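# Inside the fold
Spelled out, the chains give:
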Amino acid sequence: VPYVRGREKSRDSQEILKECEALVADGVKEIMLLGQNVNSYGLDKKEECSFPELLAKIAKLPGLKRLRFMTPNPKDFSDELLQVMKETENICNHIHLPLQSGSTAILKRMNRHYSKESYMALVKKIREVLPDVSLTTDLIVGFPGETEEDFAEMLAFLKEIRYDSAYTFIYSKRSGTPAAVMEDQVPDAVKHKRLEKLMAVQNAISREINEKLLDETLEVMVEGPSKNDPKVWTGRTETNKIVLFPHEKEAAGEFVRVKVTQPQTWVLKGERV
């Protein structure tokens, strides 16, 4: 994607701050900062602040209840960013840290600039600083050249790291990218089979992690009616867990406390307390 989109451009920090101030003044309780790689924010402009500095400035806005960001790149996730997260109460305790592959050989072919080993070292550091952090990721199966051994490494890596959840994808060609013309393209049937195995492993881990939340009471920001039942509303915890609960008189943007009564793989079901 970066190859096709071209070089990143950082928006002016004061412009971002003013936009966030306007949102909070309008009643917004949660803001997400979104970038192709938020860690590289400001590097193209010498006068700009770093991403951790920007994050800290926005977090101080009066009335802002939650602040999120995505997506950081594992290759340059800084200690400064971790420290800002640790010291700032309203920065959500959730990090989406794309892995893509659990094989160092495939990561090199992807031009990801980190190895399986350096990624694991980063995860250990993150969990030392933020013990209760929720970790999610992106995973791709079937990248050109991926062998059964590479895929087995990915499954083993998942079982070791134990993500809260993962977005899983099958590799597909994108014209204009080096990968599209690589040899050793993986057959579609193999890619689909690997995706099924990958999802089975991750779904089991997600379910086990969520089951530990049974009977826990969580703070949830109300988002609105669920897609399937207008009597059931959906909300989100600071760790990015989706929570479903019977609707009473809540309004979108309100914060409520919900006791988890039925943890599932993708969502937590509960009752207002």
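Everything discussed here concerns the structure shown above.
Residues numbered from 1 in each chain as written. Predicted model: local features only at pLDDT ≥ 70, side-chain atom pairs only at ≥ 80, totals over all residues. Heavy atoms only, no water.

## Section: the overall build of the protein chain
The secondary structure content of the protein chain amounts to 8 helices and 10 strands. Taking 273 residues into account, the globule formula puts the C-alpha radius of gyration at 19 Å, and the protein chain, at 20 Å, falls close to it. Along the longest, intermediate and shortest principal axes, the C-alpha atoms of the protein chain span 55 × 50 × 35 Å. In the protein chain, buried positions account for 46% of the 273 residues. For the protein chain, the exposed surface amounts to about 14,900 Å²; the carbon and sulfur share of it is 51%. Of the side-chain charges in the protein chain, 41 are positive and 43 negative, and the distance between the mean point of each set is 2 Å. (Helix = DSSP H or I, 4+ residues; strand = E, 2+ residues; numbered from the N terminus. Rg over C-alpha atoms; globule rule 2.2 N^0.38 Å. Buried < 20%, exposed > 50% of the residue type's maximum accessible area, 1.4 Å probe, protein only. Areas by Shrake-Rupley, 256 points an atom, 1.4 Å probe, with all protein chains shown as cover. Lys, Arg positive; Asp, Glu negative; His and termini not counted. Charge placed at Lys NZ, Arg CZ, Asp CG, Glu CD.)

## A word on the packing of helix α6 (residues 116-129) against helix α7 (residues 148-161)
Axis separation between α6 and α7 bottoms out at 12 Å; the angle between their running directions is 10°. The angle between α6 and α7 falls in the class roughly parallel. Across the interface between the two elements, Lys116, Tyr119, Met120, Val123 and Arg127 from α6 touch Glu153, Phe157, Glu160 and Ile161 from α7. Here the residues of the contact of α6 with α7 are counted per class, giving 5 nonpolar, no polar and 4 charged. (Axes fitted to C-alpha atoms, helices over the stretch in contact; angles between N-to-C directions. Parallel < 35°, antiparallel > 145°, perpendicular 65-115°, else oblique. Contact = heavy atoms within 4.5 Å. Nonpolar A, V, L, I, M, F, W, Y, C, P; charged D, E, K, R; others polar.)

## Describing the sheet that holds strand β5 (residues 165-170)
The 3 strands are arranged β3-β4-β5 in an open sheet whose pairing can be described as parallel. With one partner strand each, in any of the chains shown, β3 (94-96) and β5 form the two edges of the open sheet. Taken over all neighbouring pairs, the strand axes of this sheet differ in orientation by 15° on average, direction set aside. Note: β3 against strand β4 (residues 134-141), 3 bridges, orientation parallel. Across the sheet, residue His94 finds its bridge partner in β4, namely Ser134. (Pairing = 2+ DSSP bridges.)

## Quick look at the packing of aromatic side chains
In total, this model carries 4 aromatic pairs according to the counting rule given. Summarising the aromatic geometry, the rings of Phe51 and Phe69 are spaced 5.4 Å apart at their centres and angled 70° between planes, so their arrangement reads as edge-to-face. Note that Phe51 is positioned in helix α3 (residues 51-59) and Phe69 in strand β2 (residues 66-70), a separation of 18 residues in sequence. You'll find Phe51 and Phe69 in the same group, each marked buried. Relative to Tyr119, the ring of Tyr114 lies with its centre 6.0 Å away and its plane at 40°, an arrangement referred to as tilted. By relative accessible area, which is 0% here, Tyr119 ends up buried. Between the NZ or CZ atom of Lys65 and the centre of the ring of Phe255, over which it lies, the distance is 5.2 Å. (Phe/Tyr/Trp six-rings, centres within 6.5 Å; stacked < 30°, edge-to-face > 60°. Lys NZ or Arg CZ within 6 Å of the ring centre and 35° of its normal.)

## A word on the environment of Leu67
On the secondary structure map, Leu67 appears in strand β2. Note: C-alpha distance between Leu67 and Met221 (154 residues apart in sequence) is 12 Å. Non-local contacts of Leu67, meaning those with residues more than four positions away in its chain, are made with Ile31, Leu33, Leu55, Ile58, Ala59, Asn90, Ile91 and Cys92.

## A few points about the environment of Asp215
Its location among the elements puts Asp215 in the loop between α8 (188-211) and β6 (217-225). Owing to a relative accessible area of 48%, Asp215 belongs among the partly exposed residues under this scheme. Measuring from C-alpha to C-alpha, the distance between Asp215 and Pro263 comes to 9.2 Å, with 48 residues separating the pair along the chain. With residues near it in sequence (within four places) discarded, Asp215 still touches Lys259 and Val260.

## Some words on α6
Between its terminal C-alpha atoms α6 stretches 20 Å, which fits the 20 Å expected from 14 residues at 1.5 Å a residue. Of all the residues in α6, the buried ones are Lys116, Tyr119, Met120, Leu122, Val123 and Ile126. All buried residues of α6 fall inside an arc of 160° around its axis, so they share one side. Tucked into the core, α6 has its buried residues touching α4 (79-87), β3, α5 (104-109), β4 and α7. (Expected span 1.5 Å × (residues − 1). Arc of directions from axis to C-beta.)

The analysis is restricted to geometry; functional conclusions fall outside its scope.
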